[in-house]
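Residue-level listing of the chains:
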Amino acid sequence: MKTQQQSLSDVRWHDNSVSIEMRSKNMGQNGACVWFTGLSGSGKSTLANALDVQLVSMGMKTFLLDGDNLRHGLCSDLGMTESDRRENIRRAGEVAKLMADSGLIVPCAFISPYERDRALVRRLFSESRFLEVYVATDLQVCERRDPKGLYSKARQGLISNFTGIDSAYEPPLQPELKVDTNIQTVETVVSKLLQLLQLRA
């Protein structure tokens, strides 16, 4: 007998009895997503990690999502084409939302080069639970740092679709915070982020 494949029309949303508000009260904090975007080498992961460390030292519950780390597991099947990058950010955003809904504060470090993809992630959250941080460090500075040697490989044509070289980066239109790690210290940026998070608590 030929069986039919299950379709999305057969999938139904299951409402949870425990609300987001109940989870926040249980956690003793409001969940939120802090989304760091910028070129490779701009300082996204450094800032996200520093914020994570500071929040944990204050007794907050957090979980850091880093683009490279997710590509070792959840997104290991994706490449660097525009469509794959879009799916990478979609998955990351959905995971961040689940974590924030549980009451966690979730720093996220992703190049996320396309405005439409970042907008899709933003729409997953209420205004008070999402902070977009544009790490606007100049390409020349990022390329001098080249912490992973990727710019050098891209210039030699050894890798393609590399953001800032042969693939575009679309700067955020209205980020909650714009920073430049070439002129601002990590401590200064983290202090500003803590203030913004407190305003949203």
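Here is what the cut-offs are and how they apply
Residues numbered from 1 in each chain as written. Predicted model: local features only at pLDDT ≥ 70, side-chain atom pairs only at ≥ 80, totals over all residues. Heavy atoms only, no water. Helix = DSSP H or I, 4+ residues; strand = E, 2+ residues; numbered from the N terminus. Buried < 20%, exposed > 50% of the residue type's maximum accessible area, 1.4 Å probe, protein only. Contact = heavy atoms within 4.5 Å. Lys, Arg positive; Asp, Glu negative; His and termini not counted. Charge placed at Lys NZ, Arg CZ, Asp CG, Glu CD. UniProt positions renumbered as here; feature names shortened; annotations may be inferred. Pairing = 2+ DSSP bridges. Axes fitted to C-alpha atoms, helices over the stretch in contact; angles between N-to-C directions. Parallel < 35°, antiparallel > 145°, perpendicular 65-115°, else oblique. Left-handed = near helix turned anticlockwise from the far one by under 90°. Nonpolar A, V, L, I, M, F, W, Y, C, P; charged D, E, K, R; others polar.

Colleague: Which parts of the structure should I look at to understand the overall build of the protein chain?
Modeller: For the protein chain, the helix and strand inventory stands at eight helices and five strands. Each helix and strand of the protein chain, ordered N terminal to C terminal, gives the series α-β-α-β-α-α-β-α-β-α-α-β-α. Counting the 201 residues in the protein chain, one finds 43% classified as buried. Counted over contacts in the protein chain with a minimum sequence separation of 6, partners at least 24 positions apart contribute 76%. Taking the average place of the 25 positive charges on the side chains of the protein chain and the average place of its 24 negative ones, the gap between the two points comes to 2 Å.

Colleague: Help me understand the UniProt feature "domain: APS kinase" (unreviewed entry) in the protein chain in this model?
Modeller: With numbering matched to this structure, UniProt assigns "domain: APS kinase" (unreviewed entry) to residues 31-180. For residues 31-180, the end-to-end C-alpha separation is 26 Å, with 39% helix and 15% strand making up the annotated structure.

Colleague: Help me out: how do you make sense of the sheet that holds strand β1 (residues 32-37) in this one?
Modeller: Working definition: the strands of a sheet are paired by backbone hydrogen bonds and lie parallel or antiparallel to each other. Sheet architecture is open: five strands sit in the order β2-β3-β1-β4-β5, paired in parallel fashion. In the strand order of this sheet, the two ends are held by β2 (65-66) and β5 (177-179), each with one partner. In the packing of helix α5 (residues 115-122) onto the sheet, the strands contacted are β1 and β4 (130-135), and the crossing angle to β4 comes to about 155°.

Colleague: Is there a simple way to think about the packing of helix α4 (residues 82-101) against α5 in this case?
Modeller: Helix-helix packing is described using two parameters, namely the angle between the two axes and the distance between the axes. Axis separation between α4 and α5 bottoms out at 9 Å; the angle between their running directions is 20°. As far as their axial angle goes, α5 and α4 are roughly parallel. As α4 runs across α5, the sense of the crossing is right-handed. Contact residues: α4 offers Glu82, Arg86, Ile89, Arg90 and Gly93, while α5 offers Arg116, Asp117, Leu120 and Val121. Split by residue class, the contact of α4 with α5 holds three nonpolar, one polar and five charged.

Colleague: Would you take a moment to explain the environment of Glu21 for this structure?
Modeller: Checked against the element boundaries, Glu21 lands in helix α1 (residues 20-27). Exposure remark for Glu21: the relative accessible area of 57% places this residue in the exposed category. C-alpha of Glu21 to C-alpha of Gly103: the two residues are 82 residues apart in sequence and 8.6 Å apart in space.

Colleague: Would you mind showing me how to read the environment of Leu51 here?
Modeller: Checked against the element boundaries, Leu51 lands in helix α2 (residues 44-57). Using a relative accessible area of 0% as the deciding quantity, one classes Leu51 as buried. On a C-alpha basis, the gap between Leu51 and Leu120 in space is 24 Å, while along the polypeptide they are 69 residues apart. When near neighbours in sequence (up to four residues on either side) are disregarded, Leu51 contacts Val34, Phe36, Pro107, Val190, Leu193, Leu194 and Leu197.

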